[in-house]
Amino acid sequence: MASDTVTDLPASFTWEQWAGPPGITMILHLDFNALHFKPNGGRRAQKLVIVAVLTDTHGSFVTGKRTVLELNLKDATFERFAKTGFTTALTIEVPPGSYGVRAVAEDAMEGKLAAASGALQVK
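Bear in mind the structure is a predicted one, so any value in this text is a computation, not a measurement.

Asker: How would you summarise the sheet that holds strand β2 (residues 11–16) if you had to cite specific residues and measurements?
Answerer: Spatial strand order, β2-β3-β7: 3 strands in an open sheet with antiparallel pairing. The open sheet has two free edges, formed respectively by β2 and β7 (86–93), since each of these has just one partner strand. Adjacent strand axes in the sheet meet at a mean angle of 20°, parallel and antiparallel pairs treated alike. Note: strand β3 (residues 23–30) against β7, 8 bridges, orientation antiparallel. Bridge assignment links G23 to a residue of β7, and that residue is E93.

Below is the structure:
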């Protein structure tokens, strides 16, 4: 629940609102070129832990989501993402209101982190 920005992992976060039920979508964009992948039977393996949290105006936890991405990429797929970057998203449904947001991504192989915080209004 810290609020500092961490940039050990080559990642950026944005928060978007889309049509549909009230909520917020955290978009994570990751640069594969600065990540270390472990060889795994002719593929490149990496494990990423991603967390998105919303807090109320007093900083108390409201809701959040956590996901683990276990990547096991063929060379061609890795090369494509190395050129374009890798993007994934987590959507959290919440009632309209003002929220603090916190996003964290961890490279589970080396323990590198990226983290960012902000504030937003869900309509």
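Read on, since the account is not over.
Asker: So what's going on with the pairing of strand β6 (residues 61–73)? Which residues, and what values?
Answerer: Of the pairings in the sheet, the one linking strand β5 (residues 43–55) to β6 comprises 12 bridges and is antiparallel in character. When the sheet's bridge partners are listed, A45 is paired in β6 with N72. Remark: 5 residues form the turn of the hairpin made by β5 and β6, two consecutive strands paired antiparallel; G59 in that turn has positive phi of roughly 85°.

Calculation notes
- Counting from 1, residues in each chain are numbered in the order their sequence is written.
- Residues qualify for local features only when their pLDDT is at least 70, as the model is predicted, and side-chain atom pairs are given and counted only at 80 or more; totals for whole chains, interfaces and linings, by contrast, use all residues.
- The basis for the side-chain values is all heavy atoms of the structure; hydrogens and waters are excluded.
- Here a strand pair is declared whenever DSSP counts at least two bridges between the two strands.
- A helix here means a DSSP run of H or I that spans at least four residues, while a strand means a run of E at least two residues long, and both kinds are numbered starting from the N terminus.
- Note on geometry: axes are lines fitted to C-alpha atoms, helical ones only across the stretch in contact, with angles between N-to-C directions running from 0 to 180 degrees.

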